[in-house]
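Take a look at the letters that make up each chain.
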Amino acid sequence: MRITCLRLTRFGMFTDVDLNLLPRGVNVIVGANEAGKTIAMAAIQQLLYGIPVRSEHAFIHLMSDLRIGAVLQDEAGIEVAVTRVKRQTGTLRSSSDDPLDEEVLRRLLHGVGEDVYRTLFAIGHDEIASGGQALLKSDGELGRALFGASTGLTRLNKVMAQL
């Protein structure tokens, strides 16, 4: 699945903002502090898996008005427009605001649950900071692996022991 357009209709600091993404390759979102990068990342997760009962992203819009949309593309190139609204039921909607079965997203996600998604695709500031701290303390295996890969060191443990 590919997101071709993320629609931040009423979410966090955004009102009617569309992020049109490249049809191929990797999209990198860059911006100053407080520009909304983390909110956009949260919007994708909540679009795919639902807006929590107590969302922290209702700071300029009423909780009941939260709305996130996207144009999603499957492997065959078929696009589907979906919208996630903040409600008790029927939160996934079509472009004409008709309820959609959650199976539409499950099919596109190939069974990737929210926990797996969060682990693989939602690495934020907190995860980066804790990984950096683990690297500094030299007790994080992931930190060591990343450091070794980034510096081209293949025998990082030996180098660290010598240091």
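Scroll up to find the structure this text is about.
Quick notes on the rules
For every chain, the first residue of the written sequence is number 1, and numbering continues from 1 onward in sequence order. Residues qualify for local features only when their pLDDT is at least 70, as the model is predicted, and side-chain atom pairs are given and counted only at 80 or more; totals for whole chains, interfaces and linings, by contrast, use all residues. Side-chain metrics in this entry use all non-hydrogen atoms of the structure; hydrogen atoms and water are not considered. Helix numbers and strand numbers start at the N terminus; a helix is a DSSP run of H or I with at least 4 residues, a strand a run of E with at least 2. Exposed residues in this analysis have more than 50% of their type's maximum accessible area, buried residues have under 20%, and partly exposed residues fall in between, with area computed by a 1.4 Å probe over protein chains only. In what follows, a contact means two residues having at least one pair of non-hydrogen atoms within 4.5 Å. Put simply, buried Ala, Val, Leu, Ile, Met, Phe, Trp, Tyr and Cys residues joined by side-chain atoms within 4.5 Å make one nonpolar core. Helix axes use the C-alpha atoms of the stretch in contact, all axes being lines fitted to C-alpha atoms, and the angles between their N-to-C directions lie in the range 0 to 180 degrees. Orientation categories follow fixed angle ranges, with anything under 35 degrees roughly parallel, anything over 145 roughly antiparallel, 65 to 115 roughly perpendicular, and all other angles oblique. For any pair of crossing helices, the crossing counts as left-handed if the nearer helix is rotated counterclockwise from the farther one by less than a right angle, and right-handed if it is rotated clockwise. Here the nonpolar group is Ala, Val, Leu, Ile, Met, Phe, Trp, Tyr, Cys and Pro; Asp, Glu, Lys and Arg are the charged ones; every other residue, Gly included, is treated as polar. In this scheme, strands are said to pair when DSSP sees at least two bridges between them.

A.B. asks: Explanation requested: the overall build of the protein chain in the structure shown.
C.D. replies: Along the backbone of the protein chain there are 6 helices and 5 strands. Listing each helix as α and each strand as β along the protein chain from the N terminus yields β-β-α-β-β-β-α-α-α-α-α. Within the protein chain, the proportion of its 163 residues that are buried is 32%. Restricting to contacts in the protein chain with at least 6 residues of sequence separation, those with at least 24 account for 45%.

A.B. asks: Hey, could you run me through the nonpolar core in this one?
C.D. replies: Within soluble globular proteins, side chains that are nonpolar tend to cluster in buried spots. Leu 6, Leu 8, Phe 11, Ile 68, Leu 72 and Leu 105 are the most contacted members of the largest nonpolar core, which has 22 residues in total. Contributions of two or more residues to this core are made by strand S1 (2-11), helix H1 (37-49), strand S3 (67-73) and helix H2 (103-109). Among the elements that make up this core, the one with the highest residue count is H1 (5 residues). With residues up to four places along the chain from it excluded, the contact list for Leu 72 reads Met 1, Arg 2, Ile 3, Ile 78, Glu 79, Val 80, Val 82, Leu 105 and Leu 108.

A.B. asks: For this particular structure, what's the right way to read the packing of H1 against helix H3 (residues 114-121)?
C.D. replies: Each packed pair of helices is defined by two parameters, the angle between the axes and the distance between the axes. Two elements in contact, H1 and H3, have axes separated by 11 Å at closest approach and are oriented at 160°. Looking at the two axes, H1 sits roughly antiparallel to H3. The interaxial crossing formed by H1 with H3 has right-handed handedness. Contacts from Met 41, Ile 44, Gln 45, Leu 48 and Tyr 49 in H1 reach Glu 114, Tyr 117, Arg 118 and Phe 121 in H3. Looking at the contact of H1 with H3, its residues break down into 6 nonpolar, 1 polar and 2 charged.

A.B. asks: Just to check I follow, could you spell out the environment of Ile 39 for this structure?
C.D. replies: With respect to the helices, strands and loops of the structure, Ile 39 is situated in helix H1. Distance from Ile 39 to Glu 56, taken between C-alpha atoms, is 9.9 Å for residues 17 residues apart in sequence. When near neighbours in sequence (up to four residues on either side) are disregarded, Ile 39 contacts Phe 11, Gly 12, Met 13, Phe 14, His 57 and Phe 59.

A.B. asks: How should the sheet that holds strand S2 (residues 14-20) be read in this particular structure?
C.D. replies: Strand-to-strand pairing in sheets goes through backbone hydrogen bonds, with the strands running parallel or antiparallel. The antiparallel open sheet is built from 5 strands, whose spatial order is S2-S1-S3-S4-S5. A strand with exactly one partner marks an edge of an open sheet, and here the two such strands are S2 and strand S5 (92-94). Between one strand axis and the next, the sheet turns by 20° as a mean value, whatever way the strands run. With 6 bridges connecting them, S1 and S3 associate as antiparallel partners. What sits directly across from Arg 10, in S3, is Arg 67.

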